[in-house]
Every structure is written in structure tokens, then in C-alpha cells.
Amino acid sequence: MKNITYLLCVLFLFSCSTIRNSKKDKDIYIEEFKFAYFAACLNHGFDNSKEIKKLFEIDKSGYGELILGEKYFFVDSLARITAKKIKLDSLNSIGRKAEGSDGKHVFSECLCTYNSKWLDSIAKSENRKHLKVESNSLK
């Protein structure tokens with residue numbers, strides 16, 4: 001009886017550990033996806049300027065490994081769309097807003113999109129696709 005209890009305890013501990021690690025992996029993937037979007041949004045929003053490049057050289061945010069693989073290209077395309085929206089909004093605001101608030105609003109648009117449900121849902125969806133491909137490759 002003691003052996004069965006011991007075996008059940010060990011199995012329970014390992015199963016909880018596996019669930020905890022997969023949750024952590026999911027969180028890391030989603031966080032990296034969103035951060036990659038934010039960085040690309042700033043980069044494209046500021047027209048790949050030497051100043052933004054310098055900031056990225058100094059800042060060490062993000063995950064050290066390229067865990068998104070080819071998804072970085074997808075994230076970059078999403079950021080390019082946002083940068084085009086920023087430029088279009090800037091052009092449409094000429095003469096319609098107070099003199100001090102016209103122009104591009106790169107930080108606010110990139111940050112608001114970073115915190116949006118829209119980007120969360122895309123990141124979660126891409127994580128599910130990633131996990132599905134990963135599990136199929138292990139078979």
C-alpha cells in the first residue's frame with residue numbers, strides 16, 4: 001500500500017510539473033511574439049532611423065533565442081501594416097488637430113496595439129499553431 005501511495009505521489013508531482021512548464025512555454029512564446037511586434041512597430045514607425053537602431057543596440061529586452069522561428073516575418077508584416085496606419089493617420093490629421101498634436105503618434109499606437117486584445121488573440125493563435133506543428137514533428 002505504501003508503494004502505491006508513493007507511486008501516485010511521484011506521478012502527481014511530475015504531471016503538475018509538465019503542466020507548469022507548458023504554461024511557462026506558452027507565456028514565453030506569447031510574450032516574445034508581442035515584444036517582437038512592439039519592436040518592429042517602433043522600427044517601422046520611425047522609418048528604420050539611425051536613432052531607433054541605436055536604441056535597439058542599447059536595449060536588451062526580449063528573449064535571447066529566436067524562439068518564433070519564421071514567425072518573425074509574420075510579426076514584421078503586422079508591424080508594417082500598423083506603421084502604414086500611423087502614417088495615414090498622421091496625414092489625415094493635418095489641419096484637423098491642434099497644432100502641437102499633429103504628426104505621427106508612433107509610441108501611443110504601438111503601445112496601444114501591444115496591449116490590445118487583437119494582438120493577444122493573434123499571439124495565442126500562433127502559439128497553438130506552433131504547438132501543433134511541434135507535436136506533429138515529434139510523432
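As shown above, the structure is provided for reference.
Reading the values: rules and limits
Residues numbered from 1 in each chain as written. Predicted model: local features only at pLDDT ≥ 70, side-chain atom pairs only at ≥ 80, totals over all residues. Heavy atoms only, no water. Helix = DSSP H or I, 4+ residues; strand = E, 2+ residues; numbered from the N terminus. Buried < 20%, exposed > 50% of the residue type's maximum accessible area, 1.4 Å probe, protein only. Contact = heavy atoms within 4.5 Å. Areas by Shrake-Rupley, 256 points an atom, 1.4 Å probe, with all protein chains shown as cover. Phe/Tyr/Trp six-rings, centres within 6.5 Å; stacked < 30°, edge-to-face > 60°. Lys NZ or Arg CZ within 6 Å of the ring centre and 35° of its normal. Disulfide = S-S within 2.5 Å.

A.B. asks: Explanation requested: the overall build of the protein in the structure shown.
C.D. replies: Helix and strand counts for the protein stand at five helices and zero strands. Out of the 139 residues in the protein, the part that is buried amounts to 25%. Here the contacts in the protein between residues at least 6 apart in sequence split such that 80% fall between residues at least 24 apart. For the protein, the computed accessible surface area is about 10,500 Å², with 61% contributed by carbon and sulfur atoms.

A.B. asks: I keep staring at unusual backbone geometry and nothing clicks. Help me out?
C.D. replies: Backbone geometry at Asp47 places phi at a positive 55°, although glycine is not the residue there. Assignment of secondary structure puts Asp47 in the loop between α1 (2–45) and α2 (50–58). Here Asn48, not a glycine, exhibits a phi torsion of approximately 55°, which is positive. Its place among the elements puts Asn48 in the loop between α1 and α2. Relative accessible area serves as the criterion here: at 38%, Asn48 is assigned to the partly exposed category.

A.B. asks: Whenever I open this one, the environment of Thr113 confuses me. Can you help?
C.D. replies: Structurally, the position occupied by Thr113 is in helix α4 (residues 106–114). Through-space distance from the C-alpha of Thr113 to that of Thr82 is 8.6 Å; in sequence the pair is 31 residues apart. Those residues in contact with Thr113 that sit more than four places away from it in its chain are Tyr37, Thr82, Trp118 and Leu119.

A.B. asks: Explain the side chain of Asn127 to me, please; I cannot follow it from the model alone.
C.D. replies: As for its position among the elements, Asn127 is in helix α5 (residues 117–138). Given the relative accessible area of 3%, Asn127 is considered buried. Among residues more than four places away in sequence, those in contact with Asn127 are Lys26, Tyr29 and Ile30.

A.B. asks: Got a minute to help me understand the packing of aromatic side chains in this structure?
C.D. replies: Aromatic ring pairs are defined here through the distance separating the ring centres and the angle between the ring planes. Counted according to the given criterion, the structure contains four aromatic pairs. With centroids separated by 6.5 Å and ring planes inclined at 75°, the aromatic side chains of Tyr37 and Trp118 adopt a geometry described as edge-to-face. Of this pair, Tyr37 sits in helix α1 while Trp118 sits in helix α5, and the two are 81 residues apart along the sequence. Classification of Trp118 as partly exposed rests on a relative accessible area of 41%. Over the ring of Tyr114 we find Lys34, and its NZ or CZ is 4.8 Å from the ring centre. Here Lys71 stacks its cationic end above the ring of Phe74, 5.7 Å away from the centre of that ring.

A.B. asks: What should I look at first to understand the state of the cysteines in this one?
C.D. replies: Defined simply, a disulfide is a covalent bond joining two cysteines at their sulfur atoms. Counted under the stated rule, the structure contains one disulfide. Paired by a disulfide, Cys41 and Cys110 hold their sulfur atoms 2.0 Å apart. On the sign convention where negative means left-handed, the S-S torsion of about -80° between Cys41 and Cys110 marks this disulfide as left-handed. Taken together, the residues Cys41 in helix α1 and Cys110 in helix α4 connect sequence positions 69 residues apart. Classification of Cys41 as buried rests on a relative accessible area of 0%. Among the residues examined, Cys110 registers a relative accessible area of 0% and is labelled buried. Of all cysteine sulfurs in the structure, the one in Cys110 sits closest to Cys112, which takes part in no disulfide; the separation is 9.6 Å.

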